Amino acid sequence: MSKIILIQQLIKCKYALFALLFLASSTLFCFSLPNTSLPLFSLATMKILFLGGSAFFVARAFGMIVNQIVDCAVDKRNPRTKMRVLPAGLLSTKNSVLLLILCLVLFLSFCWFFNPLCFALAVLATLVMIIYPYTKRFTFLCHWILGSVYYLAILMNCFTIIPTPSFSLFCMASLLGVSFGMIIAANDIIYAIQDLEFDQKEGLFSIPARFGIKQSIKIASISLTISAIAYLLLGYFVPNKTVFYLCSLLPLAGILCTIKHYSLINLGSQSALQQKFFLGNLFLGITFLANMIGLFLLGGIS
């Protein structure tokens, strides 16, 4: 197997899709704001979007590699993960660390190019991504710590497109980041159900290992509810509230459907749990992106 294929497996490229949808949603949101100086379709904007997309890709790769390096010994003991690239010895730790350093340098360099605030947030996000794999060993809050990475990503994205921050922009970016971060945390809780017995045996912390399956589904549903509330609060800062809340019906319906699907999870099938995790994020990412396209076209923010 070629190293390129192994690297793709290491960073799990297909899971980048739903993260990209949330990033694209926040990008459209920013370009809908009246204080965005650049038009969406311009050479300068294309340059920002290309560099921002590149920063997103290498940052996500960095996070995935850190997670797998830290968890390598644990993954070797887990029947579900023992055949992953690092636990199976298909790719050396040395090569993984070199790739990790490359991703880190590229990520911080891209963010430094944008502005000092974006760079400072990038450093903070890097620290959180490094800490996150270790949090599974001492707190069940690890799912929301993962969500906080997405919160910081949304802040960086907004302050990249609108480099002059304001209190209202910070509030809007924060509410959007909380909304997206809670979605990630909720689906991560569902994903962790498949490792419930292993986590309990190893003494690892997760919501399923600490509270059981039924409570995990409830807690994940509460996280999605908080996501919906945070997004609705965003409407307070929007001048055209009618259009905003009308377009909001789509992602809110998506959240309600996801909560319903949580209750129908087949707990005896790992493939079904993985499918719920992937499709849950993908479905919600699509609904939020469609919502932002509607807001952009209808001028629901400005």
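In this text the structure is predicted, and so the values were computed from the model without any measurement.

A. Focus on the packing of helix α2 (residues 16-32) against helix α7 (residues 142-161). Packing of α2 against α7 brings their axes to within 9 Å, and their N-to-C directions diverge by 35 degrees. Of the two possible hands of crossing, α2 and α7 adopt the one that is right-handed. Across from Phe18, Ala19, Phe22, Leu23, Ser26, Thr27, Cys30 and Phe31 in α2, the residues of α7 making contact are Tyr150, Ile154, Asn157, Cys158 and Ile161. Here the residues of the contact of α2 with α7 are counted per class, giving 10 nonpolar, 3 polar and no charged.

B. Spatial organisation of the packing of aromatic side chains. A full pass over the atoms with the stated rule returns 10 aromatic pairs. Seen from their ring centres, Phe180 and Phe288 are 5.0 Å apart, and the 85 degrees between their planes marks the pair as edge-to-face. Residue Phe180 is found in helix α8 (residues 167-192), and its partner Phe288 is found in helix α14 (residues 270-298); the two are separated by 108 residues along the sequence. Note on Phe180: relative accessible area 0%, which makes it buried. Three or more aromatic residues link up through ring pairs in this structure, and these residues are Phe22, Phe180, Tyr231, Phe244, Tyr245 and Phe288. The ring of Phe211 has Arg210 sitting right over it, with the charged end atom 4.8 Å from the ring centre.

C. The side chain of Thr126, seen in detail. Inspection of the secondary structure puts Thr126 in helix α6 (residues 116-135). Among the residues examined, Thr126 registers a relative accessible area of 7% and is labelled buried. Ignoring any residue separated from it by four or fewer positions in sequence, one finds Thr126 in contact with Phe62, Leu104, Phe107 and Leu108.

D. Focus on the packing of helix α3 (residues 43-70) against α6. Put simply, α3 and α6 touch, their axes get as near as 8 Å, and they point 30 degrees apart. Here α3 is positioned roughly parallel relative to α6, judged by the angle of their axes. Seen along the crossing, α3 lies across α6 with a hand that is right-handed. Facing Ala59, Phe62, Gly63, Val66, Asn67 and Val70 of α3, the residues of α6 in contact are Thr126, Met129, Ile130, Tyr132, Pro133 and Tyr134. Along the lines of polarity and charge, the residues of the contact of α3 with α6 split into 9 nonpolar, 3 polar and no charged.

E. Up close: the pattern of salt bridges. Taken as a whole, this structure holds 5 salt bridges when the rule is applied. Among the salt bridges present, the one from Lys136 reaches Asp71, with a minimum N-O distance of 2.8 Å. Of the two residues, Lys136 is situated in the loop between α6 and α7 and Asp71 in the loop between α3 and α4 (72-77); the sequence distance between them amounts to 65 residues. Here Lys136 falls in the buried class, since its relative accessible area comes to 17%. A salt bridge links Asp71 to Arg137, with the shortest nitrogen-to-oxygen separation between them at 3.2 Å. With Asp71 in the loop between α3 and α4 and Arg137 in the loop between α6 and α7, this residue pair connects regions lying 66 residues apart in the sequence.

F. Looking closely at the confidence of the model for the protein chain. On average, the protein chain scores 88 in pLDDT, and the residues at 70 or more come to 94%. Averaged pLDDT values over the elements of the protein chain bottom out at 79 in α14 and peak at 96 in α6.

Calculation notes
Sequence order sets the numbering: in each chain, residues are counted from 1 along the sequence as written. Reporting in this predicted model follows two pLDDT cut-offs: at least 70 for local features of residues, and 80 or more for side-chain atom pairs to be given and counted; totals over whole chains, interfaces and linings ignore these cut-offs and use all residues. Water and hydrogen atoms were dropped before computing side-chain values, which therefore reflect all heavy atoms in the structure. For helices, the fitted line uses only the C-alpha atoms of the stretch in contact; every axis is such a line through C-alpha atoms, and the angle between N-to-C directions lies from 0 to 180 degrees. Only runs of H or I of at least four residues qualify as helices and only runs of E of at least two qualify as strands under DSSP, and these elements are numbered from the N terminus. Left-handed describes a crossing whose near helix is turned anticlockwise from the far helix by less than a right angle; the clockwise case is right-handed. We call two residues in contact when some of their heavy atoms are within 4.5 Å. Residue type decides the class: Asp, Glu, Lys and Arg count as charged, Ala, Val, Leu, Ile, Met, Phe, Trp, Tyr, Cys and Pro as nonpolar, and the leftover types, Gly among them, as polar. Here a pair means two rings of Phe, Tyr or Trp (six-membered ring of Trp) with centres within 6.5 Å. Their orientation is stacked below 30 degrees between planes, edge-to-face above 60, and tilted elsewhere. Note on classification: 1.4 Å probe, protein chains only; a residue is buried when its accessible area is under 20% of the maximum for its type, exposed when over 50%, partly exposed between these limits. Note on criteria: charge over ring means Lys NZ or Arg CZ within 6 Å of the ring centre, with the direction from the centre no more than 35 degrees off the ring normal. Angle categories are assigned with fixed cut-offs, so that under 35 degrees is roughly parallel, over 145 is roughly antiparallel, 65 to 115 is roughly perpendicular, and the rest are oblique. Criterion for a salt bridge: a side-chain nitrogen of Lys or Arg within 4 Å of a carboxyl oxygen of Asp or Glu. pLDDT: the predictor's confidence for each residue, scored from 0 to 100.

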